[in-house]
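Letter by letter, the chains look like this.
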Amino acid sequence: MLLLVRFIKKAEVQELSLTRKHYYIFSLLRKRVKNLEKQCYESYLQKAENSIINNPKTFWSYIKSLNSTNSSFPSTMTYGTDSADKGDAICDLFAVYFHSTFLEPSVITTSQPFKPLFEYSCPDSCCAVGDIEIDPNDVLKLLQSLDLNKGAGPDELPPLFIVRCAKSLVAPLCILFKRSIREGVMPDMWKSAFITPIHKKGNKSDVSNYRPISKLCIFSKILERVVYQQLYSALAPSFIPEQHGFLRRRSTTSNLLLSNDFITSSMDFGGQVDAVFTDYSKAFDWIDHVILLRKLWMAGVHGNLLRWFGSYIDNRTQVVVLNGYTSRWMSVPSGVPQGSLLGPLLFTIFVNDIGSCFYYSKFLLFADDMKILKQIVTIEDSKLLQDDLVRFENYCYDNKLDLNVSKCHTITFTRKPNPIKFNYTLKAHSLTHVDHIRDLGVIHDSKLLFDKHVDSIVNKASKALGFLIRSCARFSSLKPIKILFCSYVRSILEYASQIWNPQYKVYSDRIESIQKRFLKYLQYKSKKRDVDYYARCKRHHFLPLHTRRKAADITYLMNIANGHVDSSQLLNGICLRVPIKPSRKRPCLDIPTFRTKYRKNSFFCRASRQFNQTVNDYPHIDLFCTRPAELRRLLTKRFMCSSPDLPT
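For clarity, every value in this text was computed on a predicted model and none was experimentally measured.

Caption draft 1: Structural context of the overall build of the protein. Counting secondary structure elements, the protein contains 23 helices and 16 strands. When its C-alpha atoms are laid out on the principal axes, the protein stretches across 120 × 75 × 55 Å. Per-residue burial for the protein yields a buried fraction of 46% across its 648 residues. In the protein, 72% of the contacts between residues at least 6 apart in sequence involve partners at least 24 apart. Here the protein has roughly 34,100 Å² of accessible surface; of this, 54% comes from carbon and sulfur atoms.

Caption draft 2: Here's a closer look at the layout of surface pockets. Each pocket or cavity is described by its volume, and for the largest pocket that value is around 640 Å³. Of the residues assigned to the lining of the largest pocket, the class counts are 5 nonpolar, 4 polar and 8 charged.

Caption draft 3: Summary view of the confidence of the model for the protein. Confidence in the prediction for the protein averages 85 pLDDT; 91% of positions are at 70 or higher. Between residues 107-113, whose pLDDT stays under 50, and residues either more than four places distant or in other chains, the model counts 2 contacts.

Caption draft 4: Just the pairing of strand β16 (residues 442-445), in detail. The two faces of β16 match: Val442 and His444 on one face and Ile443 and Asp445 on the other face are all buried. Sheet topology note: the strand β15 (residues 436-439)/β16 ladder contains 4 bridges and is antiparallel. Looking across to β16, one finds that His436 is bridged to Asp445. Connecting β15 to the antiparallel partner β16 that follows it, the hairpin turn spans 2 residues, and Leu440 within it adopts a positive phi of roughly 55 degrees.

Caption draft 5: Examining the sheet that holds strand β9 (residues 362-366) more closely. Pairing is mixed in the open sheet, where 5 strands are placed in the order β9-β10-β5-β11-β14. Every other strand in the sheet has two partners, leaving β9 and β14 (432-433) as the edge strands with one partner each. Packed on one face of the sheet, helix α13 (residues 379-398) meets β5 (272-278) and β10 (369-376) and runs near 155 degrees to β10.

Caption draft 6: A look at a negative patch on the surface. Taken together, the side chains of Asp131, Glu133, Asp135 and Asp138 define an acidic patch exposed on the protein surface. Among the structural elements, Asp138 can be located in helix α5 (residues 136-144). A relative accessible area of 35% places Asp138 in the partly exposed class.

Caption draft 7: How the structure looks around the environment of Cys91. Locating Cys91 in the fold gives a position in helix α3 (residues 87-100). Residues Cys91 and Val321 lie 230 residues apart in sequence; the distance between their C-alpha atoms is 6.9 Å. With near-sequence residues (within four places) excluded, Cys91 lies in contact with Val320, Leu322, Tyr325, Thr326 and Ser327.

Caption draft 8: Focus on the packing of aromatic side chains. Taken as a whole and judged by the stated rule, the model has 26 aromatic pairs. Geometry around Tyr359 places Arg391 over its ring, the cationic atom sitting 3.9 Å from the centre. Between the NZ or CZ atom of Lys516 and the centre of the ring of Tyr533, over which it lies, the distance is 5.3 Å.

Caption draft 9: Spotlight on the pattern of salt bridges. Under the counting rule described, the total for this entry stands at 18 salt bridges. The salt bridge partner of Arg606 is Asp553, with a shortest N-O separation of 2.7 Å. In this pair, Arg606 is assigned in helix α22 (residues 603-617) and Asp553 in helix α19 (residues 545-561), connecting sequence segments 53 residues apart. Here Arg606 matches Asp553 in class, with each residue buried.

Caption draft 10: Seen up close, the pairing of strand β3 (residues 192-199). Across 4 bridges, the pairing between β3 and strand β6 (residues 316-322) is parallel. Counted as the bridge partner of Ile195 is Val320 from β6. Direction of pairing for β3 relative to strand β4 (residues 210-216): antiparallel, over a ladder of 7 bridges. Looking at β4, one finds that Thr196 is bridged to Ile213.

Caption draft 11: Inspection of unusual backbone geometry at higher detail. We note that Asn315 has phi near 60 degrees; this positive angle belongs to a residue other than glycine. Among the structural elements, Asn315 can be located in the loop between α11 (303-313) and β6. Take Asn315: its relative accessible area is 55%, and that puts it in the exposed class. Within the chain, Lys427 stands out as a residue other than glycine whose phi angle is a positive 55 degrees. Inspection of the secondary structure assignment puts Lys427 in the loop between β12 (425-426) and β13 (429-430).

Caption draft 12: Representation of the nonpolar core within the structure. Ranked by internal contacts, the top residues of the largest apolar core, which has 80 residues, are Leu468, Phe518 and Phe611. Sequence-distant contacts of Phe518, that is, excluding residues within four places in its chain, are made with Leu465, Leu468, Ile481, Lys482, Phe485 and Phe542. Formed by 77 residues, the second largest nonpolar core is a distinct cluster that contains Ile287, Leu346, Phe358 and Ile376.

Caption draft 13: Focus on a positive patch on the surface. A grouping of Lys57, Lys150, Lys215, Lys221, Arg225 and Arg248 is seen on the molecular surface, where their side chains present a positively charged patch. Structurally, the position occupied by Lys150 is in the loop between α5 and α6 (159-164). On the basis of relative accessible area, Lys150 is assigned to the exposed category, the value being 54%.

Caption draft 14: A look at α19. The terminal C-alpha atoms of α19 lie 24 Å apart, and with 17 residues this matches the ideal 24 Å at 1.5 Å per residue to within 8%. With 13 of 17 residues buried, α19 lies mostly within the body of the structure. One or two steps after α19, the chain reaches Gly563, where phi turns positive at roughly 80 degrees.

The rules behind the values
- Residues numbered from 1 in each chain as written.
- Predicted model: local features only at pLDDT ≥ 70, side-chain atom pairs only at ≥ 80, totals over all residues.
- Heavy atoms only, no water.
- Helix = DSSP H or I, 4+ residues; strand = E, 2+ residues; numbered from the N terminus.
- Buried < 20%, exposed > 50% of the residue type's maximum accessible area, 1.4 Å probe, protein only.
- Contact = heavy atoms within 4.5 Å.
- Areas by Shrake-Rupley, 256 points an atom, 1.4 Å probe, with all protein chains shown as cover.
- 1 Å grid on protein atoms, 1.4 Å probe; cavity = no way out; pocket = protein on both sides within 12 Å on 5 of 7 lines; lining within 4 Å.
- Points joined across faces, edges and corners; volume = space filled by probe spheres on them.
- Nonpolar A, V, L, I, M, F, W, Y, C, P; charged D, E, K, R; others polar.
- pLDDT = per-residue confidence, 0-100.
- Pairing = 2+ DSSP bridges.
- Axes fitted to C-alpha atoms, helices over the stretch in contact; angles between N-to-C directions.
- Patch = residues over 30% accessible without salt bridge, like charges linked within 9 Å, V, L, I, M, F, W, Y side chains within 5 Å.
- Salt bridge = Lys/Arg side-chain N within 4 Å of Asp/Glu carboxyl O.
- Lys, Arg positive; Asp, Glu negative; His and termini not counted.
- Charge placed at Lys NZ, Arg CZ, Asp CG, Glu CD.
- Phe/Tyr/Trp six-rings, centres within 6.5 Å; stacked < 30°, edge-to-face > 60°.
- Lys NZ or Arg CZ within 6 Å of the ring centre and 35° of its normal.
- Core = buried A, V, L, I, M, F, W, Y, C linked by side-chain atoms within 4.5 Å.
- Expected span 1.5 Å × (residues − 1).

Rendered as structure tokens:
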């Protein structure tokens, strides 16, 4: 018995020893794996950091992976009372929802619904275009400029194959394109699209909280590009000056400058401006094809090209593709093609006659975003604005555009203690009156102080700066960190600064504080110790943000004067000074008169004053001949050579 006990104890000691040995081996291997993992990760970081020059896509892919949220789809999706938990069924739910957003087609008794339009000659218009010239050299350039990283469309032809075979494909493609235009037929395959759902907001398991992203055939996009270039050149003179979306040399900034100048000029004399901001429901999906073709015909599109557009928008199909699963093919009975180049242009043509609604009011458009402005002196002016709203409502009804009244708002811009109040209505619903509103990314308050906009961009930029600091903790080089700051943070603080450039130092300091934080971080990374903010700017080759806003004002003023901004109304805001008698200092521009500080700080007053000051320092600067890059170089040189305690 005693021998048995001793044998058992000896076996336990050996087993324990073996267990400790195994654990020691495991600990050693785990330590090696962690060290190897750390080395691989550091090597990956170094590769991503160094790729900013030779391969920027690798760098931005790494940053995007850090900033992206969970893009996976729930295992069960719902739409109304229906639900699905399998791939094909989920795709069908998305397909049904996306199909429900379209408008039912017009009831046409003829077998060819667009034929009546094609039987008439082109109406009298300022332009006329009936055919498209297909140049093989242009087609070859378009084929060779394709992005190789894009995927294949419904035709399953990848861009890599097309680019490498571009020279061999030019001749047959030109034959197909010419025949398509001449016969007025768009191939059915080129009218199909792959749809990918993208989450907008709300519950991720509800398919109604997603929007579609379309992927078209590459050859169809090449043909669209050829048609677009010639059609845009022909129709450009007919586009209304109030439209600033999808048009060359017009932007959100030009749109906002016009509205801001109108409002400040009215408020300068103690006036009041009432503005109505409208919103459509599924504007691009609710375009009736018959009405669209009629407007194309009225715009001057006729002949083979009009017949081609009839085939281009008719009988389009789409299929939802998600995680390797596909839905059944669904028809597209209305709207302009999503993801296409011609779609935005067709929408611009569709709403190009909207100016017929407004007899007494001023309006501005950026695609489907519209604001209606009216200076209010008496209650009769408010009634005139309401009359314009009634005509606008009738226009939407005639063109089958659905107004989303719940997202239409009205705001009064004034500093009167007792402004004139009026209850504006659309579709028998009273519009919500607000004291501030976001217009094309800029928050406007009723007194045009832009304090809420400054708060918004500072908070947003502060979050972006925090993400930057966390992402660059392991970076050793300063160049990618600076590039990230300019892309992620500074772009937020400078968007449309010509509109809201603050006149009060407290707001300017709040904006500047973001760059001060970033430069302190650069000081820590570079192990430098500059106490003064402007010394840090010079060391790291950064201009203060208020200097950059000044450069942006003068640069945009020069772009307007040189025709790089397509707006005759903005050009009228620039007044050349004609001196009565000779003097030593001859300012180039005449500063518009003003009575109040907020009019004094409006763009044309501020930019003209800054340009005159710059010309006094640099007499060789010319409004029409000096390039904006040269102006920025001079301002940068001036700051770098200035005294650290004397900011410019």
